[in-house]
Amino acid sequence: MKGSVFFRVAAVIAVFIAALIGIGLGVGIAITGNLENTENYKPLNPALPTKILDASGDVITEFSADEKRELITLAELPRHLILAVLAREDLDFYNHRGFSLKSIIRAAVGQVTGKSLGGGSTITQQVAGTLYTNRRERTITRKIKELWWALQMERRYTKNEILEIYLNYMIMGPGTYGVEAASKYFFNHSARELTLAEAAVLVVQLSSPTTFNPIQNPNEAMNRQKSVLDKMVSVGYATREEADASFQEYRDSFDYTRIGLSSYFSREDKAPWFSEYIRRELEKLMYGEMDYYRDGYTVQTTMDARFQALAEAEMAEGIAKANASYKNSSGYGTNRAERVYVPLANMLTLVFNIEDIYSATEHQNEIKATNKYAKQLNPTVDLLSLVFDIPELKPATAEAYRRLKSVTEESAVEGALIVLENGTGQIKALVGGSQYNETNQLIRAIQAKVMPGSAFKPLYYSAAIDSREFTMATLIYDSPVLFYAATGEPYVPNNYMGSWRGPVLLYEALGLSLNIPALKVLDGIGFDAAINRAAALLGITDSEEKSRTFPRVYPLGLGIIAVSPLSMARAFSIFANQGRAVTPFAIRTVEDRNGKIIIDYEQDLRRKEETMGNALQVISPQNAYMMTRLLGKVVEVGTLAGQAYKFNVKDNKGVTYRIPMGGKTGTSQNWSDAWTVGFTPYYTIAIWFGFDKGGNSLGMNVNGENLAAPIWGNLMHEFNQGLPRREFPRPAGIVDATVCRASGLLPRTECPTVIGLHFLAGTIPTEYCDQHGASIDSLPRGLRDIGGMSSGSFGMPTIPEELLMLLSMESSVYDTEEEDPEVPLDHDPLLD
């Protein structure tokens, strides 16, 4: 009885679906009824390049990729490629008439339930949809048109002809169409030579050549590749042994260091780094719907051509300077070691028969010989292998090139820069590295994950200001201190060169990039407050990503995290944008060949921001203003003081004035990375120098202050010329007060130096200076400078009796009036 009911329900459903299909086909016939002849397929639009325009409407470059399609017949392709396509895309291809009712129902159920149950389109429908419909349109009408043309194709072509069109026409990589071009692009050989595992990789590209690109996203591609092979095994198209062996061979020989190529490199391009970023963004926006290599779009971008040219010139000079400095410093060390220490080591091996030293020396000689071969001899060997057709030499030369590439990544200094317009988020200029070419396409301004060092400190200083436990005038002791991790493990931080300045006010501690006070600030507010504020400013919302990014250890306060220059620029631009969120973007609009705007990214972004309400405010306007003042002190008296004179600019009336500014330098552990990030009311610039692979040092004489900061200052001077005068808006809830420069408390008449600072309302000191005045005049000068009784101080050290005896002397190690001019200002991590 139950079975009978089930079959009757199934029959009703089947009739209903058949009726829907009949109605759909009727509508399809009506839609296409005005065609002169349904047997004459409408011609494809001729291929036109996509134009990339800068903010002024001038052409930056054009994208076109006609040369990336190579036709190949079905008979020339290996059988396992065809079987892989059928297993992945349309197992019933040779049996249906252009559509699969089972697939349509499965896809519909997936849409209703929100589960990924597979697509509903057959191979024929995919070809028809690509050739004759706009796949950007996600409507029932479009699906009906697609089904109609699929039926027409089944009438006109054989199954093999349809499959051949499919394998030659579909996009399968960046500007790459068809399996032959894709095979040469990914594997450097014809599709005729594809292995089983390689065939599975190509098949995966049919669903999403951006997401599953084996060069850009190798792990995701391998996961999908494995699923295709498993499917082939399950349907009997391959044995388990064949699939596993081919997959393992592919995995063992995969080159993870390769970077995906753009469509081509011979085109004229005024800003190759910027346009490559645009190309990748277009891939995300247009995949499966539009072909920016053929369809003749016009892309309006945010780039300022003058800014871009100035940025590229400054960064090229900076990268050259950094590499010359690195080469000189590392060459000096190597030459000295070879001249002095290697002979000593060899003598020790002979006199004392120390085999370990001998082995180490031999190993160093082997490394030196290998590097010399890779750089000087390998190109000649590679050329000879081609000239005399000796393929046996190719594996050796390829391996040498891989080693040389690895050495280059470790020893070549790179750099990156990004410029944001604070109020809009527009990317005005972008430099991704040194010269952009086939082997250098890592857009470091966007993709690099590097340590920001002390440039990270302002992110949690912002939380400290909001805690109201810290102000610009808080007195912090820069002195040796011992912290304990949650595990009980002790941690002893250090300052640059192991020097300490004694009592300093918070604004001085940040300006001079002092590590000990920074970690006391972190300890004072706690890891939760610091991490939550840094994550909000960097745009990290996922809890797992937050846990991975921010370790709950004290060195976090010294910037031992991995972030991109773009993320750092975003964080600092929020300070300059009154605490409101800044969403960086580079594409404003995309127009089709007829001038119709089909993507208006900027307008969509503004509408989204309007709906966000209070969520748009990342930090309060008061906190943002305080951070602009706090970071302004870095330019006035800190590590960016050398750039202050560059902020005398002319406004739109030709009158010279000092434009407000703020920023922070940073140098990571072992001097591996050098940063400057800073802003004016108009723009934020983030600049980074370092290595693509960790392990090397720029040198003790290279840091954010002397490498990145001059470039930042030069560009800010140029970018802010001729603009209307603008200040950072001062919100209600900010008050000013004059404090003693030594104690940070309200001044007495005896205080020798005072300073005006900004405070959140309600946080002005309420006590008077305890370092100057009649009540403490009897104390020794050194002890007065300690300010031990100050309730406005933080991290006051306990002073043992022995130290008090020493402090009774007039000369004190904590005497802030006698600072050592030899000590560099950029005090960054020297971690144990």
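Whatever comes next refers back to the structure up there.
Residues numbered from 1 in each chain as written. Predicted model: local features only at pLDDT ≥ 70, side-chain atom pairs only at ≥ 80, totals over all residues. Heavy atoms only, no water.

### Overview of the overall build of the protein
Defined as follows: Secondary structure elements are defined from DSSP: runs of H or I of at least 4 residues count as helices, runs of E of at least 2 residues count as strands, and each element is numbered from the N terminus. Here the term buried applies to any residue with accessible area under 20% of the maximum for its type, exposed to any over 50%, and partly exposed to those in between, with areas from a 1.4 Å probe on protein chains only. In what follows, residue pairs with any heavy atoms lying within 4.5 Å of each other are defined as contacts. Surface accessibility follows the Shrake-Rupley procedure with a 1.4 Å probe radius. Residue values consider only the protein chains on display as shielding.
Of the regular secondary structure elements, the protein holds 26 helices and 21 strands. Residues counted as buried form 49% of the 832 residues belonging to the protein. In the protein, 72% of the contacts between residues at least 6 apart in sequence involve partners at least 24 apart. For the protein, the accessible area works out to roughly 39000 Å², and carbon and sulfur atoms hold 55% of it.

### Some details on the state of the cysteines
Just so we agree on the cut-off: Criterion for a disulfide: a pair of cysteine sulfur atoms at a distance within 2.5 Å.
Scanning the entire structure with this criterion turns up zero disulfides. Free of any disulfide, Cys-740 has its nearest cysteine sulfur in Cys-751, 3.7 Å distant. Cys-769 takes part in no disulfide bond, and the closest cysteine sulfur to it belongs to Cys-751, at a distance of 3.6 Å. Residue Cys-769 is classed as buried on the basis of its relative accessible area of 1%.

### Notes on the packing of aromatic side chains
Here is the rule we go by: For Phe, Tyr and Trp, where Trp contributes only its six-membered ring, two rings pair if their centres lie within 6.5 Å, and the inter-plane angle classes them as stacked under 30 degrees, edge-to-face over 60, or tilted in between.
Within this structure, the stated rule accounts for 23 aromatic pairs. Both rings, one in Phe-93 and one in Tyr-94, keep their centres 5.0 Å apart while their planes meet at 80°; by these two values the pair is edge-to-face. The class of Phe-93 is buried, set by a relative accessible area of 0%. Considering the side-chain rings of Phe-307 and Tyr-683, the 5.2 Å spacing of their centres and the 85° angle between planes classify their relative orientation as edge-to-face. Placement of the pair is Phe-307 in helix α12 (residues 305-352) and Tyr-683 in strand β18 (residues 683-691), with a sequence separation of 376 residues. For the pair shown, Phe-307 and Tyr-683 are each scored as buried.

### With respect to the sheet that holds strand β1 (residues 50-53)
What links the strands of a sheet is backbone hydrogen bonding, and the strands pair in either a parallel or an antiparallel sense. For the record, the criterion: Pairs of strands are assigned from DSSP output, requiring at least two bridges between the strands. As a rule, the C-alpha atoms of each element are fitted with a line to give its axis, helices using only the stretch in contact, and angles between N-to-C directions run from 0 to 180 degrees.
Taken in spatial order, the five strands of this open sheet run β2-β1-β5-β12-β13, and their pairing is mixed. With partners counted over all chains shown, the strands left at the sheet margins are β2 (59-63) and β13 (597-600), one partner each. Looking at each pair of strands side by side, their axes are set apart by 20° on average, direction ignored. Pairing of strand β12 (residues 587-591) with β13 involves three bridges; the strand directions are antiparallel.

### A short note on unusual backbone geometry
With the exception of glycine, the majority of residues adopt a negative phi angle, and the majority of peptide bonds are in the trans configuration. Even without being a glycine, Asn-188 presents a positive backbone phi close to 65°. Turning to its location among the elements, Asn-188 is positioned in the loop between α7 (178-187) and α8 (196-205). What makes Asn-188 exposed here is its relative accessible area of 64%. One non-glycine residue, Arg-468, adopts positive backbone phi at about 65°.

### Focus: a nonpolar patch on the surface
What counts is decided by this rule: Each patch is built from residues lacking any salt bridge and having more than 30% relative accessible area; the joining distance is 9 Å for like charges and 5 Å for nonpolar side chains (Val, Leu, Ile, Met, Phe, Trp, Tyr). One speaks of a salt bridge when a side-chain nitrogen belonging to Lys or Arg is within 4 Å of a carboxyl oxygen belonging to Asp or Glu.
Residues Leu-482, Tyr-484 and Val-492 make up a contiguous nonpolar surface patch of roughly 290 Å² in combined accessible area. Structurally, the position occupied by Tyr-484 is in strand β9 (residues 483-484).

### Describing the pattern of salt bridges
Using the criterion set out here, one finds 24 salt bridges in the structure. Glu-154 is paired through a salt bridge with Lys-159; the nearest N and O atoms lie 2.9 Å apart. Residue Lys-159 is classed as buried on the basis of its relative accessible area of 14%.

### Some remarks on the environment of Ala-615
Its place among the elements puts Ala-615 in the loop between α22 (601-612) and α23 (621-637). Measuring from C-alpha to C-alpha, the distance between Ala-615 and Arg-580 comes to 8.8 Å, with 35 residues separating the pair along the chain.

### Some thoughts on helix α24 (residues 704-719)
Here is the rule: Fitting axes to the seven residues ending at a residue and to the seven starting there, one defines the bend at that residue as the angle between these axes.
Its maximal kink placed at Pro-710, α24 deviates by approximately 25°. Within the sequence span of α24, burial applies to Gly-704, Leu-707, Ala-708, Ala-709, Ile-711, Trp-712, Gly-713, Leu-715, Met-716 and Phe-719.

### Comments concerning the sheet that holds strand β6 (residues 413-421)
With antiparallel pairing, five strands are arranged side by side in an open sheet as β7-β6-β18-β17-β16. Sheet topology places β7 (427-431) and β16 (662-667) at the edges, where each strand pairs with a single neighbour. Neighbouring strand axes in the sheet, compared pairwise and without regard to direction, differ in orientation by 5° on average. As defined by bridge partners, β6 adjoins β18 across nine bridges and the pair is classed as antiparallel. Directly across from Glu-421, in β18, lies its bridge partner Tyr-683.

### Considering the pairing of β16
Along β16, six of the six residues are buried, which leaves the element largely enclosed by surrounding structure. Residues Gly-662, Lys-664 and Gly-666 of β16 are buried on one face, and the alternating residues Gly-663, Thr-665 and Thr-667, pointing to the opposite face, are buried as well. Once β16 ends, the chain turns through six residues before running back antiparallel as strand β17 (residues 674-679), passing Asn-670 with a positive phi of about 65°.

### Observations concerning the nonpolar core
Going by this rule: Think of a nonpolar core as a cluster: buried Ala, Val, Leu, Ile, Met, Phe, Trp, Tyr and Cys residues, connected wherever their side-chain atoms sit within 4.5 Å.
Judged by nonpolar contacts, the single largest core of 142 residues is most densely connected at Leu-282, Ile-418, Leu-430, Tyr-461 and Phe-550. Contacts of Phe-550, omitting those with residues within four sequence positions, involve Phe-456, Ile-531, Ala-534, Ala-535, Leu-538, Ile-540, Leu-556 and Ile-561. Core analysis: the second largest hydrophobic core is formed by 53 residues, Ala-87, Leu-131, Ala-199 and Phe-254 among them.

### A word on the packing of α8 against helix α10 (residues 240-252)
Operational definition: Working rule for angles: under 35 degrees goes down as roughly parallel, over 145 as roughly antiparallel, 65 to 115 as roughly perpendicular, anything else as oblique.
Closest axis-to-axis distance for the α8/α10 pair is 7 Å, and the angle between their directions is 80°. Looking at the two axes, α8 sits roughly perpendicular to α10. Between α8 and α10, the residues in contact are Leu-196, Ala-197, Glu-198 and Val-201 and Glu-242, Ala-243, Ser-246, Phe-247 and Tyr-250, respectively.

### Points about the packing of helix α16 (residues 457-467) against helix α19 (residues 527-538)
The following threshold applies: Here a crossing is called left-handed whenever its near helix is offset anticlockwise from the far helix by less than a right angle, and right-handed whenever the offset is clockwise.
For the pair α16 and α19, the least separation of the axes is 8 Å and the interaxial angle reads 120°. Here α16 lies oblique to α19, going by the angle between them. α19 is crossed by α16, and the crossing has right-handed handedness. Counted together, Leu-459, Tyr-460, Ser-462, Ala-463 and Asp-466 of α16 and Ala-529, Ala-530, Arg-533, Ala-534, Leu-537 and Leu-538 of α19 form the full contact between these two elements.

### Some details on the side chain of His-96
Along the chain, His-96 falls in the loop between α2 (79-89) and α3 (101-113). His-96 sits in the buried class, given a relative accessible area of 7%. If near-sequence neighbours (up to four positions away) are discounted, His-96 is found in contact with Asp-90, Thr-122, Thr-124, Glu-154 and Lys-159.

### A closer look at the environment of Ala-742
Residue position: Ala-742 is located in the loop between β19 (734-740) and β20 (754-760). Residue Ala-742 is classed as partly exposed on the basis of its relative accessible area of 28%. Sequence separation between Ala-742 and Pro-503 is 239 residues, and the spatial gap between their C-alpha atoms is 7.8 Å. Not counting chain neighbours up to four residues away, the residues in contact with Ala-742 comprise Leu-475, Leu-505, Gln-771 and His-772.

### Concerning the environment of Leu-167
You can see Leu-167 is positioned in helix α6 (residues 159-169). Remark: the alpha-carbon pair of Leu-167 and Leu-74, spanning 93 residues in sequence, is separated by 8.3 Å. The residues touching Leu-167, leaving out its near neighbours within four places in the chain, are Leu-74, Leu-77, Val-85, Gly-178 and Val-179.

### Regarding α6
By the burial criterion, the buried members of α6 are Lys-159, Ile-162, Leu-163, Tyr-166, Leu-167 and Asn-168. Buried residues in α6 make contact with α2, α4 (123-132), α5 (140-156), β4 (176-177) and α7.

### Quick word on the side chain of Thr-684
Stated formally: In protein, a polar contact means a hydrogen-donor-capable atom and an acceptor-capable atom, both N or O and within 3.5 Å, with residues adjacent in sequence counting only if both atoms are side-chain atoms; elsewhere, any N or O pair within 3.5 Å suffices.
Among the secondary structure elements, Thr-684 is positioned in strand β18. Among the polar contacts made by the side chain of Thr-684, one reaches the side chain of Asn-422 at a distance of 2.6 Å.

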